[in-house]
Amino acid sequence: MAKPILLSVDDDSDVLRAIERDLRSQYGAEYRVIGSDSPEGALDLLKQLKVRNDSVALLLADQRMPRMDGVEFLQQAMGIFPSAKRALLTAYADTNAAINAINHASINFFFLKPWDPPAEHLYPQLDDLLDDWQASYRPTFQGIRVLGTRWSPKCYELRDFLARNRVPYQWTDVELSANDPDTKRLLEALGPEAANLPVVLFPDGTKLLEGVPADVAQKVGLRTRAQTNFYELAIVGGGPAGLAAAVYGASEGLHTVMIEREAPGGQAGMSSRIENYLGFPTGLSGADLARRAVVQAQRFGVEILTQEVVGVRAEGPYRIMKLGDGTELSCHALMIATGVQWRRLEAPGIDRLQGAGIYYGGGATEALSCKGEVVYVVGGANSAGQAAMNFAKYAERVIILVRGESLASTMSQYLIDQIKETPNIQLWTHASVSEAHGETHLEEISVLCSDTGKTERVPASAMFIFIGALPQTDWLASVVERDERGFLLTGPDLIRDGQRPKGWTPDRDPFLLETNVPGIFAVGDVRHGSIKRVASGVGEGSVAVQFIHQYLSKV
Ligand SMILES: Cc1cc2nc3c(=O)[nH]c(=O)nc-3n(C[C@H](O)[C@H](O)[C@H](O)COP(=O)(O)OP(=O)(O)OC[C@H]3O[C@@H](n4cnc5c(N)ncnc54)[C@H](O)[C@@H]3O)c2cc1C
């Protein structure tokens, strides 16, 4: 933890050195001693310390300095660090001015120069001041801080990214805490830069204005550049299927890289409680499953990159991927485990307010912000049911909107039972959202009721959409064969009328999980005909590694 600071200011360098030496020898073990030879420089320094979230215990300033005297400096410094103790260093001739400052300018003490011996003329009084300061001192947060506003889509995207990558951070909503004195002081210290939200402040004192996930990823040590440009096995997508393939591939000796554009865990990472995964009788959260799998993969030496793969091509035995930052990586075996992404809800106002009250998926970041509010969940599948159960812990009321007449045909019975037993969850059947309203954030939704034909307009501050998902595989379109909805064809699905796929060269049929391009495999939800479950994704990811060994033995 960073030590609190003792700051002395004196334009006379000999005096400054002497006071720093005496402070350091007595208090150096518990405090960081800093000196400045100008009050203006010291004020700039204090602003930087404020932005870094450092604590200042003592400000000690010489009274006689050109351009700004000690009293004026201490008064300005008080605006930045109001709880720091303030003391003046004065010559005998300035005693009256110093007494006056104690009475009228909130100065705590004054010391006469010279203060020798310090054990008599400096330390006893400073001990008193510092004891007093320590009594109300609360250590400040030392990690990453994000300043933003709840309804800003950019802020939401960044917070969601940090949360899903399990990067601890402290969030300050600058609108909600506009009257909080500490937030005000921080914004003043940042000056005009504070307008570039989200502002990300790092413990080393650096900051990112209008921070975006890719820049923050680099800064917090999530790897965005590969260690080499060739791997035996490259996996695109870090959901359950990709993670399983990574663990099995690397544990069986393959030099493996896994490339994930958001955060390991995929859709499962958004699940608040997976109750049907073997070996976890009380269920486990998707975030927990992902965290364990990442540790396991890293233990076997898997390299994890935070990047999006945007293109692929085959050149002889090499499968070459193009990444979002323009760089390329090649491999012998490529596994596509990119899962599915939420289907968009088509209605006026939805796109405009996405990230500002309207969210696709679990919105782990938002659950807490929904405290005491009315939340709408759109969709009738298990993912919607799990989310409703999660939001019910915080929200005053959760309303599930479904088009059909019940949840029976779309949701597992255990979830239907849990929902029935949760008094603040309400089911609204025959209902579909026809419009979202609000200027800067969601305020109301219009709901079309198919049984009455009427449209109701109701207040809503948050709406979470779970209406099924589709693969995003356009980047593979000219290389890998897909079905009409974009799912990737593998193994027997590629054999038509007994014929192997066009351009196929090996003297064998495609392996069970292999696509029409030898050495490119597809597993998990992205695969045509797959069972959309965590366990089946994990199963496919691990089984595919066996085929990859067979493939690699002949490359
Ligand atoms: C809220 C919710 C709750 C669920 N609950 C359960 C449950 O209780 N039990 C159960 O069995 N199943 C559950 N499921 C389904 C289960 O999570 C999925 O079947 C499973 O996650 C599929 O795994 P996957 O690895 O194939 O794909 P995904 O989990 O979709 O992961 C794919 C990953 O690939 C990444 N990606 C995509 N394109 C690219 C690209 N071009 N470059 C780099 N990365 C890319 C994505 O960011 C994503 O992280 C739930 C799903 C949801 C959404």
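It should be emphasised that the depicted structure is a prediction, and the values quoted were computed from it without experimental measurement.

The subject of this paragraph is the pairing of strand β6 (residues 144–148). In terms of burial, β6 is largely enclosed, as five of its five residues are buried. Of the strand pairs in this sheet, β6 and strand β7 (residues 169–173) are connected by five bridges, and their pairing is parallel. Counted as the bridge partner of R145 is Q170 from β7. As a crossover connection, the stretch from β6 through helix α7 (residues 153–164) into β7 is right-handed. Here β6 pairs with strand β8 (residues 199–201) via three bridges, running antiparallel. Its bridge partner lying in β8, R145 is registered against L201.

Next up on the list: the site of the ligand. The local shell around the ligand holds 34 residues, among which E260, Q267, N276, Q386 and D525 are the closest. Between the ligand and V340 there is a distance of 3.5 Å, counted from an oxygen atom to a backbone nitrogen or oxygen. Taking 1000 Å² as the accessible area of the ligand by itself, protein coverage stands at 96%. At the level of elements, α10 (240–251), β11 (256–260), β16 (341–342) and α12 (382–391) are the ones that each hand at least two residues to the shell around the ligand. Residue composition of the shell around the ligand, grouped by class: 13 nonpolar, 14 polar and seven charged.

Further remarks concern the pattern of salt bridges. For the structure shown, the criterion picks out 29 salt bridges. For R185, the salt bridge goes to D182, with nearest N and O atoms at 3.3 Å. With R185 and D182 both in helix α8 (residues 181–190) and three residues apart, the pair spans about one turn of that helix. Connected through shared salt-bridge partners, R164, R261, E262 and E308 make up one network.

Next up on the list: helix α14 (residues 534–552). The end-to-end C-alpha separation of α14 is 27 Å, in line with the 27 Å expected for 19 residues at 1.5 Å each. Turning to α14, its buried residues number three or more, namely V534, S536, G537, E540, G541, S542, A544, V545, F547, I548, Y551 and L552. Looking at the buried side of α14, the elements it contacts are β10 (230–236), α10, α11 (286–299), β14 (318–323), β15 (328–336) and β26 (520–522).

Bringing unusual backbone geometry into the picture now. Backbone torsion omega between D116 and P117 reads -15 degrees, so that peptide bond is classified as cis. Within the secondary structure layout, P117 lies in the loop between β5 (109–112) and α5 (118–121). A cis amide bond links L197 to the next residue, P198, at an omega of -5 degrees. By secondary structure assignment, the location of P198 is in the loop between α8 and β8. You will see that H430, though not glycine, has its phi angle at about 55 degrees, which is positive. Here D497, not a glycine, exhibits a phi torsion of approximately 50 degrees, which is positive. Considering the arrangement of structural elements, one finds D497 in the loop between β25 (469–470) and β26.

Turning next to the state of the cysteines. Within the structure shown, the criterion is met by zero disulfides. Summary of cysteine pairing: C155 is not part of a disulfide, and the nearest cysteine sulfur, belonging to C370, is at 16 Å. Residue C155 is classed as buried on the basis of its relative accessible area, which comes to 1%. By relative accessible area, C370 is classed as buried at 0%.

Here helix α6 (residues 123–135) contains 13 residues, and its C-alpha end-to-end distance of 18 Å stays within 8% of the 18 Å for a straight helix at 1.5 Å per residue. Tucked into the core, α6 has its buried residues touching β1 (5–9), α1 (13–27), β3 (56–62), β4 (85–90), β5 and α5.

Turning our attention to the environment of P471. For P471, the location among the structural elements is in the loop between β25 and β26. Judged by its relative accessible area of 10%, P471 is buried. Distance in space between the C-alpha atoms of P471 and A57 is 56 Å, their sequence separation being 414 residues. Those residues in contact with P471 that lie beyond four places of it in its chain are G339, V340, Q341, R485, G486, F487 and V526.

Now for the environment of T256. Mapped onto the fold, T256 is located in strand β11. Residues T256 and E303, spaced 47 residues apart in sequence, show a C-alpha to C-alpha distance of 6.5 Å. Not counting residues within four places of it along the chain, the set of residues in contact with T256 comprises Y231, L233, I235, A246, G249, A250, G301, V302 and E303. A polar atom in the side chain of T256 sits 2.8 Å from the backbone oxygen of L254.

Read from one edge of the open sheet, five strands run β2-β1-β3-β4-β5, paired in parallel fashion. For this open sheet the edge positions go to β2 (32–36) and β5, each flanked by a neighbour on one side alone. With direction set aside, neighbouring strand axes in the sheet form an average angle of 20 degrees. Direction of pairing for β1 relative to β3: parallel, over a ladder of five bridges. The residue of β3 that forms the bridge with I5 is V56. Sheet strands in contact with helix α2 (residues 39–51) are β1, β2 and β3, and its direction is about 160 degrees off that of β1.

Another point: the packing of α12 against helix α13 (residues 413–420). Contact geometry for α12 and α13: axes closest at 10 Å, N-to-C directions at 30 degrees. Of the possible angle classes, the one that applies to α12 and α13 is roughly parallel. The crossing of α12 and α13 is left-handed. Where α12 approaches α13, its residues N382, G385, Q386 and M389 are matched on the opposing element by Y414, L415, Q418 and I419. In the contact of α12 with α13, the residues fall into four nonpolar, four polar and no charged.

Rules of the game
Residues numbered from 1 in each chain as written. Predicted model: local features only at pLDDT ≥ 70, side-chain atom pairs only at ≥ 80, totals over all residues. Heavy atoms only, no water. Buried < 20%, exposed > 50% of the residue type's maximum accessible area, 1.4 Å probe, protein only. Helix = DSSP H or I, 4+ residues; strand = E, 2+ residues; numbered from the N terminus. Pairing = 2+ DSSP bridges. Right-handed = clockwise from strand over helix to strand, strands pointing away. Near = heavy atom within 4 Å. Polar contact = N/O pair within 3.5 Å; in protein donor to acceptor, adjacent residues only side chain to side chain. Areas by Shrake-Rupley, 256 points an atom, 1.4 Å probe, with all protein chains shown as cover. Nonpolar A, V, L, I, M, F, W, Y, C, P; charged D, E, K, R; others polar. Salt bridge = Lys/Arg side-chain N within 4 Å of Asp/Glu carboxyl O. Expected span 1.5 Å × (residues − 1). Contact = heavy atoms within 4.5 Å. Disulfide = S-S within 2.5 Å. Axes fitted to C-alpha atoms, helices over the stretch in contact; angles between N-to-C directions. Parallel < 35°, antiparallel > 145°, perpendicular 65-115°, else oblique. Left-handed = near helix turned anticlockwise from the far one by under 90°.

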